[in-house]
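Single-letter residue listing:
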Amino acid sequence: MSNSDRVVLALGGAGTVGSGIVKALLDRGFRVAVISRDGNRLEKLKNFISPSTKDNLYTLVGDVGTEEGAETAKNNLLKSVGKVTDIVSSLGFSWWQGGPPHTQPLKELHRVLETLVLSTFTSWKAFFPLVKDSPSGTYTFITGGAGERLLMPGTGFLTLGAAATLAFCQVVREEYPEVPCKLNEVKVNTGVATPDRMGPGYINHLDLGEAVASLVEKRNSSHKVFSVNTPADLKTVILEGKA
C-alpha cells in the first residue's frame, strides 16, 4: 500500500506537536484527517502546511473528548474520507501551571484529566477498531515525560494527567499483546516548540513530526516505547529502535 492510499487520522493534529506531525505526513504523500473542536485552529493548520499538499488534508470540526462526540466524529469522518488506515494520537495540552494542588478545586483536576487522559481513551475506543485488525495499520500514541516527574512547583496536575496517560498506553499494549496493527508510543521527555519559540531543552516540532511520520511509514515496530530526551533521540525513532 503506497502512502497515497493510506489515510492517517491525526488526533490533536491542530496543536503544536500535532501540526508538525501532520505536515511531515502530508509531505510524505499521506492523506491526513484532523478533527478539532476549534475551527480557527483548523484554518491555521491549513495555512501552515505545504501548499502543494492541501488537497490531501481533510479537516472536521468535532469533539472526540466524549464517547458520543467521538462516535459522531468517526461516522462523519468515514463519510468524508471512506477509510482510516493509521492513527496518531497527540491529545491534550503540553503545559499546566495552575499552582499547588491544595489551591485547586476538584473541577480543575477533572478538567486536566479530561483533557489529557479521558480524551485519549474516548478517541481510542472509537477509532482503534478501525485499524486494530489490519497488519498494515498503525496506532501511535504521543506522550510526555511530565507523567514521570514534576516539571516545576505548581505543575502537579499536569503530572497527574500525564501519568494517567502513560499508564493507559501501557495498559493498551499489554491488554492487546498480539493485535495485528502496529501499536507504538513516542514519549517526549523534553519541550516541543515551533521554530520561532525554541529554547534550551526544546525540540523542533517539525523534527519530531519527521520522526513520527517515519515510524508510521515504515510499520516495522510494534508494542514499543520510543523515549525522546534530546534531538539526537529522534534518529532512533526514525530507525525504529535499530540504531
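See the structure printed just above.
Residues numbered from 1 in each chain as written. Predicted model: local features only at pLDDT ≥ 70, side-chain atom pairs only at ≥ 80, totals over all residues. Heavy atoms only, no water.

Colleague: So what's going on with the pattern of salt bridges? Residues and values would help.
Modeller: Pairing of side chains with opposite charge becomes possible as their charged atoms draw close. In this structure the tally under the stated criterion is 12 salt bridges. Residues Lys-46 and Glu-43 are paired through a salt bridge, measuring 3.2 Å at the closest nitrogen-oxygen approach. One end of the pair is Lys-46 and the other is Glu-43, both in helix α2 (residues 39-48) and 3 residues apart, which spans about a single turn. What makes Glu-43 partly exposed here is its relative accessible area of 41%. The shortest N-O distance in the salt bridge between Glu-67 and Lys-125 comes to 2.6 Å. With Glu-67 in helix α3 (residues 67-81) and Lys-125 in helix α4 (residues 106-131), this pair connects stretches of sequence that are 58 residues apart. Shared partners join several salt bridges into a network, and the residues in it are Arg-28, Glu-210 and Glu-217. (Salt bridge = Lys/Arg side-chain N within 4 Å of Asp/Glu carboxyl O. Helix = DSSP H or I, 4+ residues; strand = E, 2+ residues; numbered from the N terminus. Buried < 20%, exposed > 50% of the residue type's maximum accessible area, 1.4 Å probe, protein only.)

Colleague: Tell me about the side chain of Asn-184, and name the residues and values.
Modeller: Following the sequence through the fold, Asn-184 ends up in strand β6 (residues 182-188). You can call Asn-184 buried: its relative accessible area is 4%. In this structure, Asn-184 is in contact with Tyr-139, Thr-140, Phe-141, Leu-215, Ser-221, Ser-222, His-223, Lys-224 and Phe-226, ignoring residues within four places of it in sequence. (Contact = heavy atoms within 4.5 Å.)

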